[in-house]
Amino acid sequence: VQLQASGGGLVQAGGSLRLSCAASGRTFSSYAMGWFRQAPGKEREFVAAISWSGGSTYYADSVKGRFTISRDNAKNTVYLQMNSLKPEDTAVYYCAADHGATTTMVGPYDYWGQGTQVTVSS
């Protein structure tokens, strides 16, 4: 599976962005998908995850109520809608695919996209 993330950019605090992650391959619907982020000098951290069917979603406490993860298996794409953005959301955002159970841990994810920069100005 190859993943291509897009949709990042510069936005003012309180604004919104929608990230997309397009996957290649016919087995996309069998993968749980996750979004992670990494700020300069910090470790990569979990943001959100969604099960292969879309029936289960998980969020980091820091984004709960502001971010929404969704997927369209017909389009081989997973989305991250980000609302009420804060300067502390500034990071490179990565999408990832996990052939196992949906997880919030970095390690189990098998495939990673190249990342897209999100910058939130105050």
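Source: prediction; values computed, not measured. (Residues numbered from 1 in each chain as written. Predicted model: local features only at pLDDT ≥ 70, side-chain atom pairs only at ≥ 80, totals over all residues. Heavy atoms only, no water.)

Draft legend 1. Representation of the nonpolar core within the structure. The biggest cluster of nonpolar side chains holds 35 residues, and the ones touching the most others in it are Met-33, Trp-35, Leu-80, Met-82 and Tyr-93. Put simply, the parts of the chain that give this core at least two residues each are β1 (3-6), β3 (17-23), β4 (32-38), β5 (45-50), β7 (67-72), β8 (77-82), β9 (91-98) and β11 (116-121). Each residue touching Met-82, except ones within four places of it in the same chain, is listed here: Gly-15, Ser-16, Leu-17, Leu-19, Arg-66, Phe-67, Tyr-93 and Val-118. (Core = buried A, V, L, I, M, F, W, Y, C linked by side-chain atoms within 4.5 Å. Buried < 20%, exposed > 50% of the residue type's maximum accessible area, 1.4 Å probe, protein only. Helix = DSSP H or I, 4+ residues; strand = E, 2+ residues; numbered from the N terminus. Contact = heavy atoms within 4.5 Å.)

Draft legend 2. Layout of the state of the cysteines. The full count for this structure, using the stated rule, is 1 disulfide. The disulfide partner of Cys-21 is Cys-95, and the gap between their sulfur atoms is 2.1 Å. Since a negative S-S torsion denotes a left-handed disulfide, the Cys-21-Cys-95 link at about 60 degrees is right-handed. Residue Cys-21 is located in strand β3, and its partner Cys-95 is located in strand β9; the two are separated by 74 residues in the primary sequence. Each of the two residues, Cys-21 as well as Cys-95, counts as buried. (Disulfide = S-S within 2.5 Å.)

Draft legend 3. Representation of the side chain of Ser-51 in the model. Locating Ser-51 in the fold gives a position in the loop between β5 and β6 (57-59). When near neighbours in sequence (up to four residues on either side) are disregarded, Ser-51 contacts Ala-32, Ser-56, Arg-71 and Thr-102.

Draft legend 4. Local environment of the pairing of β4. The element β4 is extensively covered by neighbouring structure, given that 6 of its 7 residues are classed as buried. As defined by bridge partners, β4 adjoins β9 across 7 bridges and the pair is classed as antiparallel. From the neighbouring strand, Gln-38 faces β9, where its bridge partner is Val-92. Strand direction decides the pairing type here: β4 and β5, joined by 5 bridges, are antiparallel. Counterpart to Arg-37 in the pairing with β5 is Glu-45. Once β4 ends, the chain turns through 6 residues before running back antiparallel as β5, passing Gly-41 with a positive phi of about 80 degrees. (Pairing = 2+ DSSP bridges.)

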